[in-house]
Amino acid sequence: MRDYFIHTLRFVLFLFTQALIFNHLEIGLGIHIMIYPLFILLLPYNLNIFASMIISFALGFGIDTISDTYGLHASAATLIAFLRPTIFKFFEPRDGYDENQEMNIYEMDSRWLLSVFGLMLLVHHLWFFSLELFKFNEIGYILKKTFLSVPMSLIVCILIQIIFIKNPKDARSK
Amino acid sequence: MRDLFAFFRKFRVFLFFVALQVFALSTYFTYLSFPRSQYLTSASEINGKILKVSYEVTKHFNLSQNNTLLQQENIALRKQLPQSFMALQSGNVLINDTLHKQRYEYIPATVIKSTFNHRNNYFTLNIGSVEGVERDMGVFTDNGIVGIIHNVSAHFSVVKSVLTEAINIDVMVESTGAFGMLKWDGKDARIGSITGISNDIKVKKWSKVVTRGGSGIFPRGLPVGKISNLKPVEGKPLWDISLLYSEDYRKIQRVYVAKNIMKDEQLKLESLIPIDKE
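Counting restarts for each chain, with residues numbered from 1 along the sequence as it is written. Note on labels: chains are lettered from A, ligands numbered from 1, in written order. Since the coordinates come from a predicted model, pLDDT governs what is reported: local features require at least 70, and pairs of side-chain atoms require 80 or more to be given and counted, while whole-chain, interface and lining totals use all residues. Side-chain metrics rest on all non-hydrogen atoms present in the structure, leaving aside hydrogens and water.

Caption draft 1: Examining the sheet that holds strand 11 (residues 239–245) of chain B more closely. Residues and elements named next belong to chain B. Two strands qualify as a pair provided that DSSP identifies no fewer than 2 bridges between them. Each helix is a run of H or I in the DSSP string that is no shorter than four residues. Each strand is a run of E no shorter than two, and both are numbered from the N terminus. Taken together, 6 strands build a closed barrel; the order of strands is 6-7-8-11-10-9 and the barrel is antiparallel. For this sheet, the mean inter-axis angle between neighbouring strands, taken without regard to orientation, is 40°. Pairing geometry for strand 8 (residues 191–195) and strand 11, over 4 bridges, is antiparallel. Within the sheet, the bridge partner assigned to Ile-194 lies in strand 11 and is Ile-241. The axes are straight lines fitted to the C-alpha atoms, using for helices just the contacting stretch, and the angles between their N-to-C directions are given from 0 to 180°.

So, in structure tokens, the structure goes:
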């Protein structure tokens, strides 16, 4: 029950922060920070893939309706929800995943997080910018936007986790 | 038949994924050419209200700049007031003559949402069909044109801005009258381009570009920008012209919507032209 509440709250928060703040944060050089892939990463590990695709689609479509992108975010979010189990399986640690663990910065080691989440962000951003520009002769600009935006999104997402997610080790030591 | 079911079961995740993608992408690509509904865009009631709340928070960010702009506009208007003129001949009276007839009406509006770093940027205005906004009306500010109304609901409307790929507003170089189409390459919010000007026409750098008013969306002579760079297109007798917009679309707030009273008349007349058969 508590999990449902947390994920619903996160859904709403990610939707509005992305649509009202990060979609307007225009840094220049074509950088576009997108943080909602973090929500898809933090969904429960054993969640049914249909459920995660529907939730991601709804999140993306919610962002689309507010920022007038009509299906771009929905398409990109569904893509990473679809690829999520495959990526998890590919980077599976030697002793497997814990049933109830969350894929956040405290539970997983940093190398795993960087490779899995970095790959998810890369796929997401590349898909998003390719669809947005949608011209073969703009491929240089698409790649430039992708490779400048991915590190920024990654840094912001790591900061969000450090600031807003409680470290379980801290709680135990107290 | 059983094979078919087995196929569906085996690929059900992928098929579901494809179905969602088809839905999302068809909405995306059809919206660019024509808005099917206003309910899932920022012109809808709920999203309009959310954006209004967000605008209430951020509207004071550029306050001092906007005040200066309004003041400058006030000065320009004040200059035209009767008080600012000295009578050269006593006994002059103002006659409401019949030489000029009102052609455009203007509706003031506020931009409550705008972006400039997407490939196609749409702005949301706080007025809608209740205030008399209709599809295909022109939107402009004191400094330059902004775009064309794309989608209208009761209290909000969405503008297809000049920062869109297929905006195609007809503009002309003010000094020579050579005209072309306004385009945007999706990179820099300050720079647009003009296509369709033949390169045997002499065009000077930094000459002023204004609207041509041909399609009746904008009045003739609204500022658009200045030519910042020009070179001939390879293999075609055309200029490739870069244009520095005179309006900064990154901090746009107050706009006017131009309503052409005689648009129906013009369209009716133009529809009588026979279509070329080749």
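Caption draft 2: Structural context of a nonpolar patch on the surface. Residues and elements named next belong to chain B. Note on patches: the residues involved have over 30% relative accessible area and no salt bridge, like charges join within 9 Å, and the nonpolar side chains Val, Leu, Ile, Met, Phe, Trp and Tyr join within 5 Å. Accessible surface area values rest on a Shrake-Rupley calculation with a 1.4 Å probe, where residue burial reflects the displayed protein chains alone. Salt bridges are counted wherever a side-chain nitrogen of Lys or Arg sits within 4 Å of a carboxyl oxygen of Asp or Glu. Among the surface-exposed residues, Met-1, Leu-4, Phe-5, Phe-7, Phe-8, Phe-11, Phe-14, Leu-15, Val-18 and Val-22 lie close enough to one another that they form a single nonpolar patch of about 960 Å² accessible area. Mapped onto the nonpolar patch, the elements with two or more residues apiece are helix 1 (2–10) and helix 2 (12–33). Within the secondary structure, Phe-11 sits in the loop between helix 1 and helix 2.

Caption draft 3: Region of interest: the side chain of Lys263(B). Residues and elements named next belong to chain B. Mapped onto the fold, Lys-263 is located in helix 5 (residues 263–270). No salt bridge forms around the buried Lys-263; measuring N to O, its nearest opposite-charge neighbour Asp-136 is 5.1 Å away. Counting of polar contacts relies on pairs of N or O atoms within 3.5 Å, with two restrictions inside protein: one atom must be capable of donating a hydrogen and the other of accepting it, and residues adjacent in sequence are counted only when both atoms are side-chain atoms. A distance of 3.3 Å separates a polar side-chain atom of Lys-263 from the backbone oxygen of Asp-136. Sequence-distant contacts of Lys-263, defined by excluding residues within four places in its chain, comprise Asp-136, Ser-215, Gly-216 and Ile-217. The buried label goes to any residue with under 20% of its type's maximum accessible area, the exposed label to any with over 50%, and the partly exposed label to all in between, with areas taken from a 1.4 Å probe on protein chains only. A positive count includes Lys and Arg, and a negative count includes Asp and Glu. His and the chain ends are not counted in either. By definition, residues are in contact when any of their heavy atoms lie within 4.5 Å.

Caption draft 4: Local environment of the interface of chain A and chain B. Taken together, the contact pairs 35 residues of chain A with 35 residues of chain B. Put simply, chain A and chain B have 2 salt bridges between them. Note that Asp68(A) and Lys113(B) form a salt bridge whose closest N and O atoms lie 3.1 Å from each other. The interface formed by chain A and chain B includes 9 residue pairs in polar contact (both at pLDDT 80 or more). Counting residues per element, the ones that place at least two in the side of chain A that touches chain B are helix 1 (2–21), helix 3 (49–67), helix 4 (72–90), helix 5 (110–133) and helix 6 (139–164) of chain A. Ranked by the residues each element gives to the side of chain A that touches chain B, the list is headed by helix 3 of chain A, at 9 residues.

Caption draft 5: Geometry of helix 3 (residues 45–58) of chain B. Each helix should span, by expectation, one fewer than its residue count multiplied by 1.5 Å. Taking 1.5 Å per residue, 14 residues should reach 20 Å; helix 3 of chain B reaches 20 Å between its end C-alpha atoms and fits that length. Every buried residue belonging to helix 3 of chain B is among Asn47(B), Gly48(B), Leu51(B), Ser54(B) and Tyr55(B), and all of these are buried. Buried residues of helix 3 of chain B fall within an arc of 125° about the axis and therefore sit on the same side. In helix 3 of chain B, the exposed positions angled more than 90 degrees off the buried face are occupied by Ile46(B), Lys49(B), Val53(B) and Val57(B). Next to the buried residues of helix 3 of chain B lie helix 1 and helix 3 of chain A together with strand 1 (104–113), strand 2 (122–125) and strand 12 (254–260) of chain B. It is the directions from the helix axis to the C-beta atoms that the arc portrays.

Caption draft 6: A look at the packing of helix 5 of chain A against helix 6 of chain A. Residues and elements named next belong to chain A. Here helix 5 crosses helix 6 at 135°, and the two axes come no closer than 9 Å. Classified by the angle between their axes, helix 5 and helix 6 sit oblique to one another. The way helix 5 lies across helix 6 gives a crossing that is right-handed. Polarity classes work like this: nonpolar for Ala, Val, Leu, Ile, Met, Phe, Trp, Tyr, Cys and Pro, charged for Asp, Glu, Lys and Arg, and polar for all others, with Gly in that last group. A class-by-class count of the residues in the contact of helix 5 with helix 6 yields 16 nonpolar, 7 polar and 2 charged. What sets the label is the angle itself: under 35 degrees gives roughly parallel, over 145 gives roughly antiparallel, 65 to 115 gives roughly perpendicular, and the rest give oblique. By convention the crossing between two helices is left-handed if the near helix lies anticlockwise of the far one by an angle smaller than a right angle, and right-handed if it lies clockwise.

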